[in-house]
Amino acid sequence: MRILNTDISNTKEFTQKLTIKHHFIAAKGVFTQQWITAKSYLANTVIFIFIPFILALLPILMFNALDVDDATISNNFFGGGNVQYLNGYIVIGVNLWMLILAVLWDFSTYLRDEQYAGTLESLLMSPARRYAILAGRAAFSILFNLTVIFLSTILSLLILDRGFLFSQQFFHLLAVVGIVLIGCIPMMGMSYTIGALVLRFKEVYSFINSLQWLFGVIMGIYAPFTTLPLALKIMGYLFPGTWSVSDIRAITMGSPPMLTTLGFESLNLPILWDTIIVIAFGVFWAVFGYMIFNKVELRIKRKDGLSKY
């Protein structure tokens, strides 16, 4: 017991001496590992590029079959504005949904994969800080998924809405990549909470399948969330991904931004205030998710141990 306590004390002392450089090395190691894995499964990446196209194609075909009048589309989708790029509206919603979900689920699926490989215990018992591991995984996730989603968006617009692809509005989309990245920040914090559930219940994929379509509905990927029932609409306001999708559509297509839908029509620079709110979401989920993850991890170490899957 004395030897064990000495080892624990030495580990704590070593961990406290770690510098920013060491944390960066740990994050870089996770990034490199994930990049090597992604290159080994290139076929999955190609398939992922086509999935958003298929998901966008289904409602577009349905809208064409229903032949909805322009006035209804203008009022419900664009706040009374131009209805020229309805297909582009759906394509952007679906692709941003896929991007946000990919960032949200990546850390939890990463932990589950480490469980399957039998390396999770070694990973979490290492001196590397949890936020260094998350930072490496998140950096790869954002860079990789942003590239894949960009290619998917180009493909989808080229087939479904070529007019929007070669319009000035599309270049507005390229100019707001920063808003897309800011929208990913709360997802990183929320991924910590989901990672805690993975450690506790040893499952993730059924949980993801249950929630991803709910998030798609409240984000308004196919139709504005303002047309949803009250309960789902409230959930949409509380989910940061809804704010990102709504604001990017507002910049590129002139649909109402989030604060406008809440009744703040006279507010100056609503997109700026929306971005500040999304950052606040990010800070909250980063702190809350990290606390929950640490609490669950410590409890499992004291009781079952990390190797009990």
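Residues numbered from 1 in each chain as written. Predicted model: local features only at pLDDT ≥ 70, side-chain atom pairs only at ≥ 80, totals over all residues. Heavy atoms only, no water.

1. Some thoughts on the packing of helix α10 (residues 177-201) against helix α15 (residues 270-302)
This is how it is decided: Simply put, an axis is a line fit to the C-alpha atoms, just over the touching stretch for a helix, and the angle between two N-to-C directions goes from 0 to 180 degrees. The way it works is that DSSP assigns letters per residue, a run of H or I at least four long becomes a helix, a run of E at least two long becomes a strand, and they are numbered from the N terminus. Here roughly perpendicular refers to angles of 65 to 115 degrees, roughly parallel to angles under 35, roughly antiparallel to angles over 145, and oblique to all remaining angles. Note on convention: the crossing is left-handed when the near helix lies turned anticlockwise from the far helix by less than a right angle, right-handed when the turn is clockwise. Note that Gly is not counted as nonpolar here; it falls among the polar residues with everything else outside the nonpolar set of Ala, Val, Leu, Ile, Met, Phe, Trp, Tyr, Cys and Pro and the charged set of Asp, Glu, Lys and Arg.
Contact geometry of α10 with α15 gives a least axis separation of 8 Å together with a crossing angle of 20 degrees. Between α10 and α15, the interaxial angle falls into the category roughly parallel. Viewed along their axes, α10 and α15 form a crossing whose handedness is left-handed. Its residues assigned to classes, the contact of α10 with α15 comprises 20 nonpolar, 7 polar and 2 charged.

2. Here's the deal with the packing of aromatic side chains
Heads up, the condition is: The pairing test for Phe, Tyr and Trp rings, Trp by its six-membered ring, is centres within 6.5 Å, and the orientation test on the planes gives stacked under 30 degrees, edge-to-face over 60, and tilted for anything in between. Remark: exposure states derive from per-residue accessible area (1.4 Å probe, protein chains only) relative to the maximum for the residue type, with buried under 20%, exposed over 50%, and partly exposed in between.
This structure, assessed with the given rule, holds 15 aromatic pairs. Plain terms: the ring middles of Phe77 and Tyr89 are 5.2 Å apart, the flat faces sit at 80 degrees to each other, and that makes the pair edge-to-face. Of this pair, Phe77 sits in helix α4 (residues 70-77) while Tyr89 sits in helix α5 (residues 86-117), placing them 12 residues apart in sequence. Considered together, Phe77 and Tyr89 belong to a single accessibility category, that of buried residues. Each ring, one from Trp105 and one from Phe215, has its centre 6.1 Å from the other, and the planes form 20 degrees; the classification is stacked.

3. Describing helix α3 (residues 42-66)
To keep things clear, this is the line we draw: Helix span, expected: 1.5 Å multiplied by one less than the number of residues in the helix. Throughout, a residue-residue contact means that at least one pair of heavy atoms, one from each residue, lies within 4.5 Å.
Along its 25 residues, α3 runs 38 Å from first to last C-alpha, staying within 8% of the 36 Å computed at 1.5 Å per residue. Every buried residue belonging to α3 is among Thr45, Phe48, Ile49, Pro52, Phe53, Leu55, Ala56, Pro59, Ile60 and Phe63, and all of these are buried. Packed against the buried residues of α3 are α2 (20-40), α4, α5, α7 (130-160) and α11 (205-219). Count one or two residues on from α3 and you reach Asp67, which has phi positive near 55 degrees.

4. Observations regarding the layout of surface pockets
Going by this rule: Whether a set of points on the 1 Å grid over the protein atoms alone is a cavity depends on a 1.4 Å probe fitting there but being unable to get out, while an open set qualifies as a pocket with protein on both sides within 12 Å along at least five of seven lines; lining residues are those with an atom within 4 Å of a point. Grid points are joined across faces, edges and corners, and a volume is the space filled by probe spheres set on the points.
Of the pockets and cavities examined, the largest pocket occupies roughly 1100 Å³. Taken together, 30 residues form the lining of the largest pocket, with Phe48, Asp106, Thr109, Arg137 and Asn145 sitting closest to its centre. Contributing elements (two or more residues each) for the lining of the largest pocket: α2, α3, α5, α7 and α11. Per element, the largest residue contribution to the lining of the largest pocket is 10 residues, and it comes from α5. The class makeup of the residues in the lining of the largest pocket is 17 nonpolar, 9 polar and 4 charged.

5. What to know about the environment of Val83
Considering the arrangement of structural elements, one finds Val83 in the loop between α4 and α5. As a C-alpha pair, Val83 and Gly254 span 171 residues in sequence and 9.9 Å in three-dimensional space. Setting aside its immediate chain neighbours within four residues, Val83 contacts Asp70, Ile73, Ser74 and Phe78.

6. Thoughts on a nonpolar patch on the surface
Convention followed: Here the term patch refers to residues with relative accessible area over 30% and no salt bridge, with like charges joined within 9 Å and nonpolar side chains (Val, Leu, Ile, Met, Phe, Trp, Tyr) within 5 Å. For accessible areas, the Shrake-Rupley method is used with a probe of radius 1.4 Å. Any residue's cover is judged against the shown protein chains and nothing else. We define a salt bridge as a contact between a side-chain nitrogen of Lys or Arg and a carboxyl oxygen of Asp or Glu at a distance within 4 Å.
Judged by side-chain polarity, Leu262, Phe264, Leu267, Leu269, Leu272, Trp273 and Ile276 come together as a nonpolar surface patch covering roughly 660 Å² of accessible area. Secondary-structure assignment places Leu262 in the loop between α14 (258-261) and α15.

7. Quick word on the nonpolar core
Quick note on the threshold: In this description, a nonpolar core means a group of buried Ala, Val, Leu, Ile, Met, Phe, Trp, Tyr and Cys residues linked to one another through side-chain atoms lying within 4.5 Å.
Judged by nonpolar contacts, the single largest core of 60 residues is most densely connected at Trp97, Phe215, Met219, Phe239 and Ile248. If we skip the residues at most four places from it in the chain, Met219 touches Leu96, Trp97, Ile100, Phe239, Gly241, Thr242, Val245 and Arg249. Counting 16 residues, the second largest nonpolar core, distinct from the first, contains Phe107, Tyr110, Leu120 and Leu123.

8. Considering a positive patch on the surface
To keep it simple, the criterion reads: Neither His nor the chain ends contribute to the count of charged residues, in which Lys and Arg are positive and Asp and Glu negative. Positions of charges follow a simple convention, taking NZ of Lys, CZ of Arg, CG of Asp or CD of Glu.
The grouping of Arg200, Lys295, Arg299 and Lys303 at the surface amounts to a positive patch. Examined against the element boundaries, Arg200 turns out to sit in helix α10. The partly exposed category is assigned to Arg200, whose relative accessible area is 43%.

9. Considering the side chain of Asn145
Relative to the helices and strands, Asn145 is located in helix α7. Once residues lying within four places of it in the same chain are set aside, the contact partners of Asn145 are Phe48, Leu99, Ala102, Asp106 and Phe140.

10. Focus: the confidence of the model for the protein chain
Caution applies to low-pLDDT parts of the model: their predicted coordinates are not meant to be read in detail. Here is the rule: As a per-residue measure, pLDDT tells how confident the predictor is, with possible values from 0 to 100.
The share of residues in the protein chain with pLDDT of 70 or more is 90%, and the mean pLDDT across the chain is 79. Within the protein chain, no element has a lower average pLDDT than helix α1 (residues 2-16), which sits at 45, and none a higher one than helix α12 (residues 230-238), at 89.

11. Let's talk about empty space enclosed by the protein
Within this structure, the stated rule accounts for 3 cavities of 30 Å³ or more. Along its surface, the largest cavity is lined by Val103, Asp106, Phe107, Leu134, Arg137, Ala138, Ser141, Met188 and Ser191. Those elements that provide at least two residues to the lining of the largest cavity are α5, α7 and α10. Ranked by residue count, the leading element in the lining of the largest cavity is α7, at 4 residues.

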